[in-house]
Amino acid sequence: MAGTKTFFIIKPGAVRHEHIGPILAKINANGFHIAALKMLMLDRHHAEHFYSVHREKPFFESLVTFMTGGPVVVGILEKENAVAAYRKLMGATDPAKAAEGTIRRLFAENIERNAVHGSDSDENADIECDFFFSKSERFSKFED
Ligand code: CMP
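Calculation notes
Residues numbered from 1 in each chain as written. Predicted model: local features only at pLDDT ≥ 70, side-chain atom pairs only at ≥ 80, totals over all residues. Heavy atoms only, no water. Phe/Tyr/Trp six-rings, centres within 6.5 Å; stacked < 30°, edge-to-face > 60°. Helix = DSSP H or I, 4+ residues; strand = E, 2+ residues; numbered from the N terminus. Buried < 20%, exposed > 50% of the residue type's maximum accessible area, 1.4 Å probe, protein only. Lys NZ or Arg CZ within 6 Å of the ring centre and 35° of its normal. Polar contact = N/O pair within 3.5 Å; in protein donor to acceptor, adjacent residues only side chain to side chain. Pairing = 2+ DSSP bridges. Axes fitted to C-alpha atoms, helices over the stretch in contact; angles between N-to-C directions. Contact = heavy atoms within 4.5 Å. Arc of directions from axis to C-beta.

J.: Can you walk me through the packing of aromatic side chains in this structure?
T.: Working definition: an aromatic ring pair is given by the centre-to-centre distance plus the angle between the planes. Taken as a whole, this structure holds 8 aromatic pairs when the rule is applied. Between the aromatic rings of phenylalanine 7 and phenylalanine 132, the centroid separation amounts to 5.0 Å while the plane-to-plane angle is 10 degrees, which identifies the pairing as stacked. Residue phenylalanine 7 is located in strand E1 (residues 5-10), and its partner phenylalanine 132 is located in helix H7 (residues 122-132); the two are separated by 125 residues in the primary sequence. Of the two residues, phenylalanine 7 and phenylalanine 132, both sit in the buried class. Their ring planes at 65 degrees and their centres at 6.0 Å tell us that phenylalanine 50 and phenylalanine 132 sit as a pair that is edge-to-face. Taken together, the residues phenylalanine 50 in helix H3 (residues 44-50) and phenylalanine 132 in helix H7 connect sequence positions 82 residues apart. The exposure class assigned to phenylalanine 50 is buried, which follows from its relative accessible area of 14%. Accessibility expressed as a relative area gives 10% for phenylalanine 132, which makes it buried. Every member of this aromatic cluster is reached through a ring pair, and the members are Phe7, Phe50, Tyr51, Phe131 and Phe132. Between the NZ or CZ atom of lysine 79 and the centre of the ring of phenylalanine 32, over which it lies, the distance is 4.7 Å.

Here it is in C-alpha cells:
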C-alpha cells in the first residue's frame, strides 16, 4: 500500500513573501492533515546533507545558499498516497511548467526559488520526517 505521509518545506522566498498562510490553507483545502509543523533556520551543514543527491549539480551551491538565507517552515502531511498527492498539488519543479492552481504556479519565483519542497518517495519521506521531527512532535491520524 502506498504511504500515508510526506514531508514538506515552505522555502525562504515563500516565507519572506508572507505565503505561509496561503500555502497551508491550500494544503488543508486539498484534504491533507498537518501532522507536524515548525519554523526554523537550516544551517549549511544540514542543507548540504538534505540536498546531497544534488551535490554535483551546477545549482547546488546557489540552492544551499538560498535554503539557508532565511527561515523555513517544515512539516509532515498525511493523506492516502500522500507523496504523489502532494507532488501533484506542488506542481512541476519549474513554476513555468507547473499546472494552473498548483502551489508552485501560484507562489514560486523561479526553478530554484520554487516555494516548496515535497518528498519524492515513501522511503525519502520516512528519512526526511525522521531528520526533522521526533516522535513527540508528531500528531498522526494514522499511527499511534
Ligand atoms: P526541491 O523539490 O526542493 O528539490 C531540489 C531543488 O533543487 C528543487 O526543489 C529546486 O529548488 C532546485 N532545482 C532543481 N532543478 C534546478 C535547476 N535546474 N536550477 C536551479 N535549481 C534547481
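J.: What am I meant to see in the environment of serine 121 here?
T.: Residue position: serine 121 is located in the loop between strand E4 (116-118) and H7. Each C-alpha atom of the pair serine 121 and alanine 2 lies 9.6 Å from the other, and the pair is 119 residues apart in sequence. At 3.0 Å, the side chain of serine 121 forms a polar contact with the backbone nitrogen of asparagine 124.

J.: Would you take a moment to explain the sheet that holds E1 for this structure?
T.: In sheet architecture, strand pairing relies on hydrogen bonds along the backbone and comes in two forms, parallel and antiparallel. Strand order in the open sheet formed by 4 strands is E2-E3-E1-E4, and the pairing between neighbours is antiparallel. Edge positions in the sheet fall to strand E2 (33-40) and E4, since each has one partner strand and no second. Mean inter-strand twist for the sheet, computed between neighbouring axes without regard to direction, equals 20 degrees. Direction of pairing for E1 relative to E4: antiparallel, over a ladder of 3 bridges. Each residue of the ladder has a partner; that of isoleucine 9, found in E4, is histidine 117. Set on the sheet, helix H5 (residues 82-90) makes contact with E1, strand E3 (72-78) and E4; between it and E4 the angle comes to about 155 degrees. With respect to the sheet, H7 is in contact with E1, E2, E3 and E4, its orientation differing from that of E1 by roughly 60 degrees.

J.: I'm lost on H5 in this one. Help?
T.: Because an α-helix completes one turn every 3.6 residues, residues spaced three or four positions apart along the sequence face the same direction. Within H5 the residues assigned to the buried category are Ala82, Val83, Tyr86, Leu89 and Met90. Buried residues of H5 fall within an arc of 130 degrees about the axis and therefore sit on the same side. When the buried face of H5 is taken as reference, the exposed residues oriented beyond 90 degrees from it are Ala84 and Lys88. Those residues of H5 that are buried are in contact with E1, helix H2 (20-29), E3, helix H6 (103-107), E4 and H7. One or two steps after H5, the chain reaches glycine 91, where phi turns positive at roughly 90 degrees.

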